[in-house]
Amino acid sequence: MRNPRATVVIVSLLAIPVLLANCDTVTEPEDQVESDLTTVEGAILTLEQCWDLADLDAYAGLFTDEFIFYFDPDDVDHGLPPCWGLQDELDAAGNIFDIVGANNILISLTMPDGFEEPEDDTCTVDGAAYELRVAVPDEDLIYVAQGHCNFSLEKADGEWRFTTWYDLVGYRLVGGADLSWGQIKALD
């Protein structure tokens with residue numbers, strides 16, 4: 001007489017290769033930016049991935065040569081410049097990426113409700129919400145920024161590139177530790 005438990009075990013073992021054959025075992029590398037600049041939403045997602053992965057090379061490819069970053073007006077009132085160009089943007093991001101690394105940056109960018117891909121070769125995205133957390137392990141600090149961005153992009157050779165970026169916080173808690181994205185970029 002056969003042992004019913006042994007039969008169940010044998011049948012279970014025989015089913016494993018069949019189940020595994022139906023699984024997709026190919027995985028994408030988690031440390032590479034999956035760039036899709038063919039849509040505006042894809043360009044914004046790529047920007048988010050560049051920060052998440054601290055990938056300066058991919059980040060540098062997101063902007064036109066004439067790119068300008070505009071700081072939140074309250075940041076300007078507290079000593080930051082009104083704006084800076086592409087090289088300053090890349091230097092600031094590169095500094096942060098080098099200091100903290102990919103495992104210490106967490107960002108969420110959310111497209112505004114009702115956004116539709118443009119039919120023209122220029123586009124403005126007003127009100128993309130962000131939340132950014134940058135942990136600095138050597139200092140045992142976490143910088144938090146929340147606000148909105150207004151982006152202008154232009155399309156050339158089928159790909160979207162950022163031409164301007166406005167950092168807009170809107171409100172700040174009195175005595176709160178929240179910063180703007182621009183303030184985090186400007187940290188030494």
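Asks: Can you help me understand the overall build of the chain in this one?
Replies: Secondary structure assignment for the chain yields six helices and six strands. Listing every helix and strand of the chain by position from the N terminus yields α-α-α-β-α-β-α-β-β-β-β-α. For the chain, the proportion of its 188 residues judged to be buried stands at 35%. Of the contacts formed within the chain by residues at least 6 apart in sequence, a portion of 58% connects residues at least 24 apart.

Asks: What is the right way to read the nonpolar core from this model?
Replies: Nonpolar side chains tend toward joint burial in soluble globular proteins. Ranked by size, the top nonpolar core spans 45 residues in total, and within it Leu-47, Trp-51, Tyr-59, Phe-63, Phe-162, Trp-165 and Trp-181 carry the most contacts. If you list the elements that add at least two residues to this core, you get α2 (40–52), β1 (63–70), α5 (86–100), β3 (105–110), β4 (122–136), β5 (141–156), β6 (159–168) and α6 (181–185). Those residues in contact with Trp-51, other than ones at most four positions away along the chain, are Tyr-59, Ala-93, Ile-96, Phe-97, Ile-105, Ile-107, Leu-132, Trp-181 and Lys-185.

Asks: What is the right way to look at α5 in this model?
Replies: For an α-helix, 3.6 residues make a turn, and residues three or four places apart therefore share a direction. Here α5 spans 21 Å end to end across 15 residues, near enough to the 21 Å set by a 1.5 Å rise per residue. Positive phi appears at Gly-101, one or two residues downstream of α5, with a value of about 75°.

Asks: Please clarify how the packing of aromatic side chains should be interpreted in this entry.
Replies: For any two aromatic rings, the description comes down to two numbers: the centre-to-centre distance and the angle of the planes. Summed over all chains, the structure comprises 16 aromatic pairs. For the pair Trp-51 and Phe-97, a centre-to-centre distance of 5.1 Å together with 85° between the ring planes defines the contact as edge-to-face. One end of the pair, Trp-51, is in helix α2; the other, Phe-97, is in helix α5, and 46 residues separate them in sequence. Assigned by exposure class, Trp-51 and Phe-97 land together as buried. Between Phe-69 and Phe-71, the aromatic rings sit 5.0 Å apart at their centres with planes inclined by 90°, giving edge-to-face as the arrangement. The exposure class of Phe-69 is buried, given its relative accessible area of 0%. We note Lys-185 situated over the ring of Phe-69; from NZ or CZ to the ring centre the distance is 3.5 Å.

Asks: Is there a simple way to think about the environment of Pro-137 in this case?
Replies: When you line up the elements, Pro-137 lands in the loop between β4 and β5. With 37 residues separating them in the primary sequence, Pro-137 and Val-100 have C-alpha atoms 7.0 Å apart.

Asks: When you look at unusual backbone geometry in this model, what are you seeing that I'm missing?
Replies: What is expected of a backbone is that most residues other than glycine have negative phi and most peptide bonds are trans. Although it is not a glycine, Ala-54 sits at a positive phi angle of roughly 50°. Note that Ala-54 resides in the loop between α2 and α3 (56–60). Positive phi outside glycine occurs at Asp-140, with the angle close to 55°. Looking at where Asp-140 falls in the secondary structure, it is placed in the loop between β4 and β5.

Asks: Looking at this structure, how should I read the environment of Val-136?
Replies: Counting through the fold element by element, Val-136 comes out in strand β4. Judged by its relative accessible area of 9%, Val-136 falls in the buried class. Discounting residues that sit within four places of it in the chain, Val-136 has contacts with Ile-99, Val-100, Leu-141 and Tyr-143.

Asks: Teacher, can you tell me more about the sheet that holds β1 here?
Replies: In a beta sheet, neighbouring strands are held together by backbone hydrogen bonds and run either parallel or antiparallel to one another. Taken in spatial order, the six strands make up an open sheet running β2-β1-β6-β5-β4-β3, and their pairing is mixed. Single-partner strands in this sheet number two, and they are β2 (83–85) and β3. Each strand of the sheet is rotated relative to its neighbour by a mean of 25°, with strand direction disregarded. With six bridges connecting them, β3 and β4 associate as antiparallel partners. Residue pairing for β4: Ile-105 is matched across the bridge by Val-134. Across the sheet, α2 is in contact with β1, β3, β4, β5 and β6; its angle to β3 comes to roughly 165°. In the packing of α5 onto the sheet, the strands contacted are β1, β2, β3, β4 and β6, and the crossing angle to β1 comes to about 75°.

The rules we used
Residues numbered from 1 in each chain as written. Predicted model: local features only at pLDDT ≥ 70, side-chain atom pairs only at ≥ 80, totals over all residues. Heavy atoms only, no water. Helix = DSSP H or I, 4+ residues; strand = E, 2+ residues; numbered from the N terminus. Buried < 20%, exposed > 50% of the residue type's maximum accessible area, 1.4 Å probe, protein only. Contact = heavy atoms within 4.5 Å. Core = buried A, V, L, I, M, F, W, Y, C linked by side-chain atoms within 4.5 Å. Expected span 1.5 Å × (residues − 1). Phe/Tyr/Trp six-rings, centres within 6.5 Å; stacked < 30°, edge-to-face > 60°. Lys NZ or Arg CZ within 6 Å of the ring centre and 35° of its normal. Pairing = 2+ DSSP bridges. Axes fitted to C-alpha atoms, helices over the stretch in contact; angles between N-to-C directions.

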